Number of protein chains: 2
Amino acid sequence: MKPINVGLLGTGTVGGGTFKVLQRNSEEISRRAGCTIRIAVVADTDIVRAKGVAGDAARVTADAFEVVNDPQIDVVVELIGGYTIAKDLMLKAIANGKHVVTANKALLALHGNEIFSAARKQGVMVAFEAAVGGGIPIIKSLREGLTANRIEWIAGIINGTSNFILSEMRAKGAAFADVLKEAQSKGYAEADPTFDIEGVDAAHKLAIMAAIGFGIPVQFDKAYVEGISKLAQQDIRYAEELGYRIKLLGIAKRRAAGFELRVHPTLIPTGQLIANVEGVMNAILVKGDAVGQTMYYGAGAGAEPTASAVVADLVDVARALTADPEHRVPHLAFQHDQLSNVPILPMGEVETSYYLRLRVADKAGVLADITRILADQAISIEALVQKPHDGEEHVDIILLTHLTREKKIDAAILSIEALPVVSGKITRIRMEALQ
Amino acid sequence: MKPINVGLLGTGTVGGGTFKVLQRNSEEISRRAGCTIRIAVVADTDIVRAKGVAGDAARVTADAFEVVNDPQIDVVVELIGGYTIAKDLMLKAIANGKHVVTANKALLALHGNEIFSAARKQGVMVAFEAAVGGGIPIIKSLREGLTANRIEWIAGIINGTSNFILSEMRAKGAAFADVLKEAQSKGYAEADPTFDIEGVDAAHKLAIMAAIGFGIPVQFDKAYVEGISKLAQQDIRYAEELGYRIKLLGIAKRRAAGFELRVHPTLIPTGQLIANVEGVMNAILVKGDAVGQTMYYGAGAGAEPTASAVVADLVDVARALTADPEHRVPHLAFQHDQLSNVPILPMGEVETSYYLRLRVADKAGVLADITRILADQAISIEALVQKPHDGEEHVDIILLTHLTREKKIDAAILSIEALPVVSGKITRIRMEALQ
């Protein structure tokens with residue numbers, strides 16, 4: 001199968017991440033896409049940065065217009081950002097019959113209707129998963145996964161910077177200005193943080209999601225936008241006392257008379273899952289009339305999470321271009337002749353940590369016996385708690401182990417159960433930190 | 001555009017839900033799909049039930065084989081379940097060149113490789129979003145949304161019945177057997193609950209997700225399966241004291257030597273978002289090397305949530321059949337000539353509830369003045385808390401309102417701020433229950 005030739009515009013954080021992910025995972029990506037996706041040329045006015053990203057693997061140019069006019073290029077990935085040059089480049093690429101992948105939410109929020117209209121006339125795809133929620137496949141979920149539903153509302157934590165600031169204000173009792181400085185020093189907030197902290201970035205993303213969910217044009221200009229810069233520490237505290245957490249939410253809601261479209265700090269009941277999304281993470285809650293509530297959670301920004309969405313769009317384009325419709329997406333995601341025969345491991349080889357509960361005689365030396373058996377199997381102990389066992393001469397011992405292999409814990413359990421001081425069977429439950 | 005003719009096999013819970021959702025949302029679904037999706041014939045051996053579902057809107061037959069052999073039918077939706085007749089029907093439909101949509105995880109877990117191979121040879125689609133996680137678009141996310149990633153592991157709460165039982169055991173301190181009875185009386189567990197409580201259903205779903213995530217054949221027979229029926233109340237309590245919650249997880253993990261594939265009760269740190277997924281809800285956590293952790297949450301079972309996935313698959317099939325590849329999925333999910341011009345409401349018309357903080361003189365009659373103003377605007381109060389304001393003759397009053405309109409709260413705030421006993425501006429933050 002002929003490779004897909006990609007022209008990459010912009011080699012900043014996301015551009016660099018996209019190049020890296022495509023190179024590192026090229027084998028798996030080809031197995032999924034059914035063809036090779038190859039960045040043929042990289043454009044950046046900062047030619048030194050572009051060469052640093054591309055190395056010897058792609059041609060480098062300072063002239064992005066050369067790329068969108070290059071007949072060898074099938075897909076243009078626009079990661080420059082902003083409204084002016086990015087728009088001209090995108091429209092030129094479309095006019096030249098090229099498919100476009102972009103992460104540019106600001107451009108789509110303001111000029112999306114014009115861009116999609118141009119693309120439709122030319123019969124090209126404009127894919128923009130990376131524009132909302134970083135690597136979370138929220139655009140695909142709304143556009144394809146929830147098509148059965150009349151969408152009732154969408155409510156999302158869709159700006160990582162402001163969620164980080166709110167999380168820190170709550171956890172540390174710190175003032176907005178101090179946390180903003182911390183966020184800037186960690187690279188979570190830009191030198192000019194206005195778009196993030198004043199809700200503009202969230203409103204861009206909200207306008208795009210509302211258009212997809214409700215079947216309306218992109219209407220960023222109609223959104224109500226209020227940020228977090230005026231939020232006082234005491235309100236976060238009072239809200240907490242009343243059972244609420246304050247989050248910057250983007251809310252789009254269907255009403256009989258029209259649609260609500262608004263971004264503002266919002267009190268949410270602490271028991272709600274989305275109220276517990278902390279730090280730079282994003283989450284989008286969608287209410288459909290058939291499915292009820294679904295939620296999508298993940299990193300909303302950053303080089304590789306955003307690159308994950310850019311590359312997923314490239315695979316979508318590649319699948320649409322290279323396969324007949326019936327074979328567009330393979331049944332199991334990988335092309336059928338590209339399945340791997342790496343084996344499933346037997347349970348004895350599984351690695352995890354363990355919770356063990358034992359009932360033992362309340363005597364000296366018992367713990368020494370047990371811990372020696374564990375040490376013999378090279379199993380190390382994370383925690384050990386002794387619990388009185390009601391009305392008998394026994395105690396319960398709860399043991400948490402560090403990571404080990406199932407066959408070692410099996411052997412240890414057999415030996416421990418054989419000790420005369422141990423009564424009955426040991427209860428064993430596996431533990432996962434999920435990190 | 002010619003309508004897509006669907007043959008529906010099985011009119012139980014999910015079959016009935018699918019019929020209902022397709023009818024209720026037919027207008028929005030057509031706007032998204034670009035054509036009408038029409039259930040032309042419904043098959044069920046229980047002909048009375050089938051007629052109850054179909055009414056006058058579709059032909060009814062007791063013979064499902066008649067449907068899979070009907071040249072008028074484009075897509076067969078298999079919602080019968082089980083391994084035997086469902087398999088014969090599906091293979092016959094495929095042999096006849098029909099696309100298939102199914103929710104049958106058991107069948108795919110055991111015979112998926114054979115079915116996908118037959119479908120590939122015939123060039124037809126087999127779509128199965130409804131087989132895992134009910135209405136959560138987890139199959140699409142794994143198969144299309146995360147294609148950039150080397151998937152490192154998948155860990156999911158993918159059986160609602162067992163998650164409901166574990167949630168109740170923890171919340172009420174009840175024993176497994178008692179909660180199981182409660183679940184059966186609520187319809188959350190079947191008369192024979194074995195597949196749910198012994199982890200078999202979760203292992204079916206896990207085997208399917210692992211195949212998609214890792215690019216391996218479906219290997220249910222290699223999975224380790226352990227359920228929750230032997231879980232003791234005291235272990236749930238001890239785990240909680242140590243900072244963990246016990247969930248039935250399906251875990252698929254990439255290791256150097258092979259893949260782990262296992263279902264068992266698992267201790268998870270309470271701080272993890274997925275540890276807080278309660279009741280019949282499902283959630284799947286996926287770790288990719290580029291995107292990091294993403295999580296997908298929603299109802300994992302039930303008539304309309306599962307129907308949501310079935311219908312989304314039908315829209316996918318319709319889009320693939322009726323459009324040229326470039327126009328397969330519209331840029332904004334709805335066909336471009338089907339966007340709605342329903343307006344975005346001005347902020348004054350938005351309905352929400354409010355948190356208000358006021359600083360007032362510590363005098364008699366102040367609350368009466370404030371509450372009268374709110375009553376004049378028909379704003380009702382959910383909570384009112386008075387907080388001492390350090391070292392002054394003032395107090396802070398925190399007010400939570402019930403649902404009202406923004407223009408009413410604006411008017412009330414103006415009037416309250418005009419009271420001589422009120423100092424400075426009122427802080428107003430919006431509240432959402434997200435229910």
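Residues numbered from 1 in each chain as written. Chains lettered and ligands numbered in written order. Predicted model: local features only at pLDDT ≥ 70, side-chain atom pairs only at ≥ 80, totals over all residues.

### Details of the overall build of chain A
To be explicit about the condition: Helix and strand definitions follow DSSP, with helices as H or I runs of at least four residues and strands as E runs of at least two, each counted in order from the N terminus. Our exposure labels follow a C-beta count within 10 Å of each residue's own C-beta, placed from the backbone: buried means 20 or more other C-beta atoms, exposed means 12 or fewer, and partly exposed covers the counts in between. Two residues qualify as a contact pair if the distance between their C-beta atoms, derived from the backbone, is within 7 Å.
Regarding its fold elements, chain A presents 15 helices and 17 strands. Considered along the principal axes of its C-alpha atoms, chain A spans approximately 85 × 55 × 45 Å. Among the 435 residues that make up chain A, the fraction classed as buried is 56%. Counting only contacts in chain A whose residues sit at least 6 apart along the sequence, the fraction spanning at least 24 positions is 71%.

### Quick word on the interface of chain A and chain B
Selection rule: Three classes are used, and their members are as follows: Ala, Val, Leu, Ile, Met, Phe, Trp, Tyr, Cys and Pro are nonpolar, Asp, Glu, Lys and Arg are charged, and the others, Gly among them, are polar. Here, strands pair whenever DSSP counts at least two bridges between them.
Listed per partner, the contact involves 117 residues of chain A and 117 residues of chain B. In terms of residue count, strand β10 (residues 258-269) of chain A provides more of the side of chain A that touches chain B than any other element does, eleven residues in total. Taken together, the residues of the side of chain A that touches chain B sort by class into 70 nonpolar, 26 polar and 21 charged. Where β10 of chain A and strand β17 (residues 422-431) of chain B come together, two bridges link them in parallel fashion. When the sheet's bridge partners are listed, T266 of chain A is paired in β17 of chain B with R430 of chain B.

### Looking at the packing of helix α6 (residues 105-122) of chain A against helix α11 (residues 200-214) of chain A
All names here are of chain A. Filter applied, for reference: Fitting a line to C-alpha atoms yields each axis, with helices limited to the stretch in contact; the angle taken between N-to-C directions then spans 0 to 180 degrees. Note that the term roughly parallel is reserved for angles under 35 degrees, roughly antiparallel for angles over 145, roughly perpendicular for angles of 65 to 115, and oblique for everything else. In this scheme, a crossing is called left-handed if the near helix is turned counterclockwise away from the far one by less than a right angle; it is called right-handed if the turn is clockwise.
Relative orientation of the contacting elements α6 and α11 amounts to 55°, with a least axis distance of 8 Å. Judged on the interaxial angle alone, α11 and α6 are oblique. In this structure, the crossing between α6 and α11 has a hand that is left-handed. Within the contact between the two elements, α6 uses K105, A106, L108, A109 and G112 and α11 uses H204, K205, A207 and I208. Looking at the contact of α6 with α11, its residues break down into five nonpolar, two polar and two charged.

### Concerning the pairing of β10 of chain A
Residues and elements named next belong to chain A. Burial of β10 is extensive: ten of the twelve residues sit out of reach of the surface. Direction of pairing for strand β8 (residues 224-225) relative to β10: parallel, over a ladder of two bridges. Looking at the pairing, Y224 lines up with R262 of β10. Pairing geometry for strand β9 (residues 244-255) and β10, over twelve bridges, is antiparallel. Residue pairing across strands places Y244 opposite P269, the latter belonging to β10. If you look at the hairpin formed by β9 and β10, you'll find two residues sitting between the two strands.

### Notes on the relation of the copies chain A and chain B
Counted only if it meets this: Here the copies were fitted onto each other by least squares, based on C-alpha atoms from residues at pLDDT of at least 70 in both.
Structural alignment of chain A on chain B gives an RMSD of 0.0 Å, achieved by rotating through 180° and translating 0.0 Å along the axis. With respect to symmetry, the two chain copies, as superposed, fit the operation of a two-fold axis. Every residue of chain A has its C-alpha some distance from the rotation axis, and the shortest such distance is that of Y296 of chain A, at 2.5 Å.

### Here's the deal with the sheet that holds strand β6 (residues 126-127) of chain B
Residues and elements named next belong to chain B. Strand order in the open sheet formed by six strands is β3-β2-β1-β4-β5-β6, and the pairing between neighbours is parallel. If you trace the sheet from one side to the other, it starts and ends with β3 (59-61) and β6, each paired once. Relative to strand β5 (residues 99-102), strand β4 (residues 75-78) runs parallel, the two sharing four bridges. Opposite E78, over in β5, you have T102 as the bridge partner.

### Comments concerning the packing of helix α1 (residues 13-24) of chain B against helix α13 (residues 303-322) of chain B
Residue and element names in this part refer to chain B. Contact pair α1 / α13: the axes reach a minimum separation of 8 Å and the direction vectors enclose 65°. Put simply, α1 runs roughly perpendicular to α13. In this structure, α1 crosses over α13, and the sense of that crossing is right-handed. Counting all contacts with α1, which are made through T13, V14, G16, G17, T18, V21 and L22, the residues of α13 involved are A303, E304, T306, A307, S308, V310 and V311. For the contact of α1 with α13, a count of residues per class yields seven nonpolar, six polar and one charged.

### Details of the domain arrangement of chain A
Interface extent is often summarised as the accessible area lost during association of the parts. All names here are of chain A. The test is simple: Note that the domain bounds reflect an automated or database-derived domain assignment.
Each assigned domain of chain A is listed with its residue range as follows: domain 1 (4-134 + 304-338), domain 2 (138-299) and domain 3 (347-431). Placing the centre of domain 1 and that of domain 2 at their C-alpha centroids yields a distance of 27 Å. It is α6 that contributes the most residues to the side of domain 1 that touches domain 2, seven residues altogether. Considered class by class, the residues forming the side of domain 1 that touches domain 2 number eight nonpolar, four polar and two charged.

### Brief notes about the environment of F214 of chain A
Summarising the element assignment, F214 of chain A is placed in helix α11. Classification of F214 of chain A as buried rests on a count of 27 C-beta atoms within 10 Å. Between the alpha carbons of F214 of chain A and G173 of chain A there is a distance of 39 Å; along the sequence they are 41 residues apart. For F214 of chain A, the residues in contact, after removing those within four places along its chain, are I151, R254 and F259 of chain A together with S340 of chain B.

### Focus: the nonpolar core
Test applied: In these notes, a nonpolar core means any group of buried Ala, Val, Leu, Ile, Met, Phe, Trp, Tyr and Cys residues linked to one another through C-beta atoms within 7 Å.
Of all hydrophobic cores here, the largest spans 308 residues; its most connected members are L206, A207 and A210 of chain A together with L206, A207 and A210 of chain B. Filtering out sequence-adjacent residues up to four positions away, L206 of chain B remains in contact with I158, A223, G250, A252, L261 and V263 of chain B.

### Points about helix α5 (residues 85-95) of chain A
Two residues of an α-helix separated by three or four positions point the same way, owing to the 3.6 residues in each turn. All names here are of chain A. Quick reminder of the rule: Directions are taken from the helix axis to each C-beta atom, and the arc is the one they span.
Residues of α5 that are buried include every one of A86, L89, M90, A93 and I94, and no others. Each buried residue of α5 lies within a common arc of 135° when the element is viewed along its axis, so the set occupies one face. G97 sits one or two residues past α5 and shows a positive phi near 80°.

### Looking at the confidence of the model for chain A
Put simply, the rule reads: Per-residue confidence from the prediction method is given by pLDDT, with values spanning 0 to 100.
For chain A, the average pLDDT comes to 95, and 98% of its residues sit at 70 or higher. Predicted complex metrics record ipTM = 0.95 and pTM = 0.95.

### Section: the sheet that holds strand β1 (residues 4-9) of chain A
Whether parallel or antiparallel, the strands of a sheet pair through hydrogen bonds between backbone atoms. Taken in spatial order, the six strands line up as β3-β2-β1-β4-β5-β6 (chain A) in an open sheet, and their pairing is parallel. Taken across any chain shown, the strands that pair with only one partner, and hence form the sheet edges, are β3 (59-61) and β6 (126-127) of chain A.

### Observations regarding the environment of E240 of chain B
Turning to its location among the elements, E240 of chain B is positioned in helix α12 (residues 233-241). Separated by 28 residues in sequence, E240 of chain B and I268 of chain B have C-alpha atoms that sit 9.8 Å apart.

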